[in-house]
Amino acid sequence: MKRNQLLFALAGVLIFGMTVYAHHSIGATYDSSKEVKLVGKIVEFNYRNPHAFVHVEAPDKAGKMQRWAVEWGGAGALGQQGVTRTTLKAGDEVIITGNPARSSDGEVLRVKMNTLFRKRDGFGWGTKPGEVVD
């Protein structure tokens, strides 16, 4: 009986360990020593787990429009902060700050969300609970 319990516990640890291992490290994916500011329009909002994504078209330094994938928290955590699947819509003009993806060529247009501000109504989301962004 104890042997079966031990094998069951070991199987649980292995399965849980694989789940934890599969999740990426924010520090390994994004460069927290740098921050970018995107001023543009939302193209798409994917409200899902494990992470929501906001896709934004914003001009680069030369004025050429670029599509950025902005990684946010999961739907469960965002929901507790008042963000729902209908909070953001395509066409919303936003200002987003975030940490850029680490990339050897600098061509990866991906950011970890730090703050979001919607111009239309002043909706803001910040890096700390209750933080208002203006």
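Values in this document were obtained by computation on a predicted structure and should not be read as measured data.

A. Molecular detail of the nonpolar core. Membership of the largest hydrophobic core comes to 21 residues, with the highest contact counts inside it found for Phe45, Val54, Val56, Trp72, Ile96 and Met113. Only strand 1 (36–46), strand 2 (53–59), strand 3 (65–71), helix 3 (75–80), strand 4 (93–100) and strand 5 (110–118) provide two or more residues apiece to this core. Every residue in contact with Val56, bar those within four places of it in the chain, is listed here: Gly40, Lys41, Ile42, Val43, Gln66, Arg67, Trp68, Val70, Val94 and Ile96.

B. Inspection of the side chain of Gln66 at higher detail. Tracing the sequence through the fold places Gln66 in strand 3. Engagement of the side chain of Gln66 in a polar contact is seen with the side chain of Asp60, the distance being 3.4 Å.

C. Structural view of the pattern of salt bridges. Summed over the entire model, instances satisfying the criterion amount to seven salt bridges. A salt bridge links Asp121 to Arg118, with the nearest nitrogen and oxygen atoms 2.9 Å apart. We classify Asp121 as partly exposed; its relative accessible area is 45%. On the basis of relative accessibility, which here comes to 5%, the residue Arg118 falls in the buried class. Connected through shared salt-bridge partners, Asp92, Arg118, Arg120 and Asp121 make up one network.

Cut-offs applied
- Residues numbered from 1 in each chain as written.
- Predicted model: local features only at pLDDT ≥ 70, side-chain atom pairs only at ≥ 80, totals over all residues.
- Heavy atoms only, no water.
- Core = buried A, V, L, I, M, F, W, Y, C linked by side-chain atoms within 4.5 Å.
- Buried < 20%, exposed > 50% of the residue type's maximum accessible area, 1.4 Å probe, protein only.
- Helix = DSSP H or I, 4+ residues; strand = E, 2+ residues; numbered from the N terminus.
- Contact = heavy atoms within 4.5 Å.
- Polar contact = N/O pair within 3.5 Å; in protein donor to acceptor, adjacent residues only side chain to side chain.
- Salt bridge = Lys/Arg side-chain N within 4 Å of Asp/Glu carboxyl O.

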